[in-house]
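Architecture at a glance
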Amino acid sequence: MLTKIKETATFIKGRVGEMPRIAIILGTGLGELVHEIDNKEEIPYESIPNFPLSTVEGHSGKLIFGELGGKKVIAMQGRFHYYEGYTMQEVTFPIRVFQSLGIQYLFVSNAAGGMNGSFDIGDIMLIDDHINTFPEHPLRGKNYKELGVRFPDMSNAYDKDLRLLAMQIAKENNIKLQHGVYVGTQGPTFETPAEYNWFRIIGGDAVGMSTVPEVIVANHAKMKVLAFSIITDLGVIGKIVEVTHEDVQEAAKVAQPKMAFIMQEVIRNIK
Ligand code: HPA
């Protein structure tokens, strides 16, 4: 694994000039943030050694280098989901490559179902914390000391200072920003009403099929993480209706400019 990570990092270093400190993962329907990135250089996943290929509609699959909020960034357009059949090592491989490239900040976005009764479709939720219900842990197996400690702390998995900054930016710009706990689940089914209710009871505000594996590995790698969910459907008892992937993409598209704005301004304010 260490050799593969190095090999991929070396390939990327050879293609890119100054290396960023900030990486961004763009989730379902949120790929348009890339239009805000200046002086772009793109590398399709299929040309990157050891990179898995993305398979889901709505995820196009490339690494984008450029400038956002006045800083150099790498963005992943398209991520690897566990439900696609990848192992957890494959899902989180890009984060290991980012670690090897010296990335210190990880920004993540996703689409999620809202379980908190005060949420509406189109709301943006700042992720305060998560609950991991995936059946496999990305750090299971041999621990490589070079990558991190055996038993990583998760008490500040979503960095408090970055969250405060995001909240301040949202407030100053009159953007409604919810916050809460993200439940990560394997999918690919959306939840039954009983499952939404269960995730609510255990402390979740939103549920989705991504983010948690990447955030765990980013914490192992000592990166500071900031993550947002766009609430694309409601898993609130009494408000549950049929949901499709297209509904999710559509709702995400409407909310994404506001989320993109907050992300960009947080990046601008990083010292
Ligand atoms: N459940 C799980 N994943 C999701 C949902 C949901 O309701 N909406 C968007 N991604």
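Everything here concerns the structure above.
A quick note: this is a predicted structure, and the numbers were derived from the prediction, not measured.

1. Here's the deal with the pattern of salt bridges
Considering all chains together, one arrives at 9 salt bridges under this definition. R15 is the salt-bridge partner of E41, the closest N and O atoms lying 3.9 Å from each other. Linking E41 in strand β2 (residues 38-44) with R15 in helix α1 (residues 2-15), this pair joins segments that are 26 residues apart in sequence. Here the salt bridges do not stand alone but share partners, grouping D120, D123 and K176 into one network.

2. Looking at the nonpolar core
Taken as a class, soluble globular proteins show a tendency for nonpolar side chains to be buried jointly. In this structure, I12, L63, I95, F98, L106 and M223 are the most contacted members of the largest nonpolar core, which totals 50 residues. Contact partners of L106, with chain neighbours within four places excluded, come to A23, I25, I95, F98, E214, A218, M223, K224, V225 and L226. Counting residues in each nonpolar core, the second largest holds 34 residues, with L33, Y105, A170 and I262 among its members.

3. Considering a negative patch on the surface
A surface patch of like charges, here negative, comprises E242, E246, D247 and E250. Tracing the backbone shows E246 in helix α7 (residues 245-269). Judged by its relative accessible area of 46%, E246 is partly exposed.

4. What to know about the layout of surface pockets
Quantified by volume, the largest pocket comes out at close to 320 Å³. As for the largest pocket, its lining consists of 22 residues, of which T28, F190, M209, H245 and V248 are closest to the centre. Of all elements in the fold, only β5 (105-114), β8 (206-208), β9 (224-234) and α7 reach the threshold of two or more residues within the lining of the largest pocket. In terms of residue count, β5 provides more of the lining of the largest pocket than any other element does, 4 residues in total. For the lining of the largest pocket, the class distribution of residues is 10 nonpolar, 9 polar and 3 charged. Space inside the second largest pocket adds up to approximately 220 Å³. D153, N156, N219, K222 and M223 are the residues nearest the centre of the second largest pocket, which is lined by 13 residues in total. Of all the secondary structure elements, the ones that give two or more residues to the lining of the second largest pocket are α6 (212-220) and β9. For the lining of the second largest pocket, a count of residues per class yields 5 nonpolar, 4 polar and 4 charged.

Definitions and limits used
Residues numbered from 1 in each chain as written. Predicted model: local features only at pLDDT ≥ 70, side-chain atom pairs only at ≥ 80, totals over all residues. Heavy atoms only, no water. Salt bridge = Lys/Arg side-chain N within 4 Å of Asp/Glu carboxyl O. Helix = DSSP H or I, 4+ residues; strand = E, 2+ residues; numbered from the N terminus. Core = buried A, V, L, I, M, F, W, Y, C linked by side-chain atoms within 4.5 Å. Buried < 20%, exposed > 50% of the residue type's maximum accessible area, 1.4 Å probe, protein only. Contact = heavy atoms within 4.5 Å. Patch = residues over 30% accessible without salt bridge, like charges linked within 9 Å, V, L, I, M, F, W, Y side chains within 5 Å. Areas by Shrake-Rupley, 256 points an atom, 1.4 Å probe, with all protein chains shown as cover. Lys, Arg positive; Asp, Glu negative; His and termini not counted. Charge placed at Lys NZ, Arg CZ, Asp CG, Glu CD. 1 Å grid on protein atoms, 1.4 Å probe; cavity = no way out; pocket = protein on both sides within 12 Å on 5 of 7 lines; lining within 4 Å. Points joined across faces, edges and corners; volume = space filled by probe spheres on them. Nonpolar A, V, L, I, M, F, W, Y, C, P; charged D, E, K, R; others polar.

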